[in-house]
Amino acid sequence: MTIKKANRLWLFVLISLVLFYFVWLFIWKDQAFIRTTGGNILSVIGVSLPTFWLFKAFLRSNLKVERIYWLFLFLSTVSYLLAELCWFYIETILSEPVGFTGIYDLLYIFSVLFYFAAFMYKILAFENKSLLLKLFFDISIIMTVSITFSWHYILVPFVEQGNVSLLSLSFTLFYPISDLLLLFCASVFYLNGENYFPKHFLYYILIGLCIQIFADSIYLFKSIHETYFSGSWIDPLFLIPIMLIGYTALVERESVIKEPLKDTTDDKSPYSLLRLVLPYVLVAFLFIFMIRNSEGMDAISIGSGITILLVILRQFVVIVENQYLIKQYHQKKEELEISEERYRSLFEYHPDSVFSIDLKGKIESTNPAGASLLNNDPDALIGSSITTFIDEQYLEETKNNLSKVNQGWGSNHVFTIRDKNKKNLWIHITHIPILVKNKLVGSFGIGRDITEKKLNEEKLTQLLSQARSENITFAILFIDLDNFKEINDLYGHEIGDNLLSTLADRINHFAEDKDLTARMGGDEFTIVLKDIAEHNVQEEITDLSKLINVPYLIRNLEITCTSSIGFAYYPADGTTLTALLSKADNAMYRVKKNRKTAK
């Protein structure tokens, strides 16, 4: 069973446990001892599961922020579990009535404090001062409205009783205060939670916090009015937040690569709009409440109400307009980032050497292939003149080409450089102007190592000279793989390079010592068959095709590729190297075209 399926099963177990709790309370509503005993046992079981999950999450966390976050949550559930065990011991084992205050209340307080510590640590670890400042005003509105109603409906009635002890008053005051602390965290996560948690975390946390606040408020209200009793319908509600937040420890295992945190300023959903207007809706609600509970209406109250309403409407219009502008900004920003990533990918992963050169001929940046070509670190090359790496005999030509590109013209030329072993390398480079806002700021130099091709051309030139002096004949075979690009795209360049290496071994084996083989670049090869009659060339091509077409086993992959082979015969098809290569190349393309037509 996969981790994701196992997690879904555990979520089903948690939901079933809560539903069973409600059913148990309903079935045994007239049997107090059975009702409370079963409820206490279910509470202990319900808290034990998330406690174990959070402990496992703490052990497997490697990052400091995550490890401390899970530790605080684990301590919170441990405190809650101890409180439940105390409650169970007093009510079930000792069969004594549970008072309004006791050791369990202190443990419940610690549980909430550890909750608050975990979420505040997560918020502060984000270290985005501008974001926290932006949230401060909206959250202040929410907290002000909440404190107002808590004071009016909970604290004032309790204090007015006049016969409460200092201990009872302290515990009573803590419950609404703790709920306000949790409300603060819930408000932060609701307004900008995607900056702190992936979405699949956030939903469980928000639901859990809201249920916790609701259940605490009902419990306190019923306790003040002496209508709460153990086994009440609100008891299962206290389990839900503990289990949901503990369940996030299971969800965290679902993927090694976690969901990236999202910039919520670009959220286009109705959910985002609701988050924006929530503080203003609460202000309007508080004002309506004030009017309904005032002793009378006068011109000042009416005028104040209309003014507040207009301010809220104006602010709402400004918010909508700002949201539109922000969405446009982020859309343009995203397009720019995509464009930059595409450019960076093309630059960094281009198989050829790529240099960014300023108008003075100095290197501004290079890709790994360029650094490898010059046997240097990319950062060490920045600021160096491209001409310092070119042999002296090609300096003038290089400067002329740089002069052309600085006038807005593309150019290309061939030169030699010396590698770290003092070996000459032939390089073909293409210069492309860089225009920014129609202004020339530099050029790209795209270089390719053509040393092997140059050496092969020299060998063919020597063979041609020998053929002229000794009056011998030969055939040049031009070989091109038909589906190499598809193989490269499907399996990657590394597999493609291994395939070409294996193909070269087969061609060398076919030619043996009596013939000449050469790789002309990419997936193109040539073979020179010496001292062969023209009518026997096609038979050799057939044998070579069969050899090439045998499947290749590369890193446990079986790869099949076919080839197109054309040839030119000396001296019948030409007496110069250029003419012979052109003739063989054209013949190869005719073979490739005929094969496609036949399909």
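Residues numbered from 1 in each chain as written. Predicted model: local features only at pLDDT ≥ 70, side-chain atom pairs only at ≥ 80, totals over all residues. Heavy atoms only, no water.

Chemist: Sorry if this is basic, but what is going on with helix α1 (residues 3-27) here?
Modeler: Side chains three or four residues apart in an α-helix point the same way, a direct result of the helix having 3.6 residues per turn. When the terminal C-alpha atoms of α1 are compared, their 36 Å separation across 25 residues agrees well with the 36 Å that a helix rising 1.5 Å per residue should span. Along α1, the positions that sit buried rather than exposed are A6, N7, L11, L14, L17, V18, Y21 and L25. (Helix = DSSP H or I, 4+ residues; strand = E, 2+ residues; numbered from the N terminus. Expected span 1.5 Å × (residues − 1). Buried < 20%, exposed > 50% of the residue type's maximum accessible area, 1.4 Å probe, protein only.)

Chemist: Teacher, can you tell me more about the pattern of salt bridges here?
Modeler: Any two side chains of opposite charge can pair if their charged atoms end up close together. Tallied over the full model, the rule gives 7 salt bridges. Ionic pairing is found between E66 and K122, a salt bridge with its closest N-O pair at 2.7 Å. One end of the pair, E66, is in helix α3 (residues 64-93); the other, K122, is in helix α4 (residues 103-126), and 56 residues separate them in sequence. No difference in accessibility class separates E66 from K122, as the two residues are buried. The residue D489 makes a salt bridge to K485 at a minimum N-O spacing of 3.0 Å. With a gap of 4 residues between them, D489 and K485 both fall in helix α15 (residues 484-491), about one helical turn apart. K485 gets classed as exposed once you look at its relative accessible area, which sits at 57%. Here the salt bridges share partners, and the residues they tie into one network are D480, D482 and K592. (Salt bridge = Lys/Arg side-chain N within 4 Å of Asp/Glu carboxyl O.)

Chemist: Got a minute to help me understand the confidence of the model for the protein in this structure?
Modeler: Regions with low pLDDT should not have their predicted coordinates read in detail. Summarising the model, the protein shows a mean pLDDT of 79, and 75% of its residues fall at 70 or more. Low confidence marks residues 256-271, where pLDDT is under 50. Its contacts with residues over four positions away, or in another chain, come to 36 contacts. (pLDDT = per-residue confidence, 0-100. Contact = heavy atoms within 4.5 Å.)

Chemist: Got a minute to help me understand the sheet that holds strand β3 (residues 411-418) in this structure?
Modeler: Strand-to-strand pairing in sheets goes through backbone hydrogen bonds, with the strands running parallel or antiparallel. An order of β2-β1-β5-β4-β3 is seen for the 5 strands of this open sheet, with the pairing classed as antiparallel. Sheet topology places β2 (363-366) and β3 at the edges, where each strand pairs with a single neighbour. On average, adjacent strands in this sheet sit at an angle of 30° to one another, irrespective of strand direction. The strands that helix α13 (residues 395-405) touches are β3, β4 (424-436) and β5 (439-449); relative to β3, the one it contacts most, it runs at about 145°. Most of the contacts of helix α14 (residues 451-470) go to β4, to which it runs at about 130°, and overall it touches β3, β4 and β5. (Pairing = 2+ DSSP bridges. Axes fitted to C-alpha atoms, helices over the stretch in contact; angles between N-to-C directions.)

Chemist: Explain unusual backbone geometry here, please?
Modeler: Only a minority of non-glycine residues have a phi that is not negative, and only a minority of peptide bonds are not trans. Look at the link from Y570 to P571: it is a cis peptide, with omega at 5°. For N471, which is not glycine, the phi torsion reads 60° and is therefore positive. In the Ramachandran plot, R555 falls in the positive-phi region, its phi being about 50° despite a non-glycine side chain. Here R555 lies in the loop between β9 (552-554) and β10 (557-559). A residue is classified by how much of its surface remains accessible, and R555, at 55% relative accessible area, is exposed.

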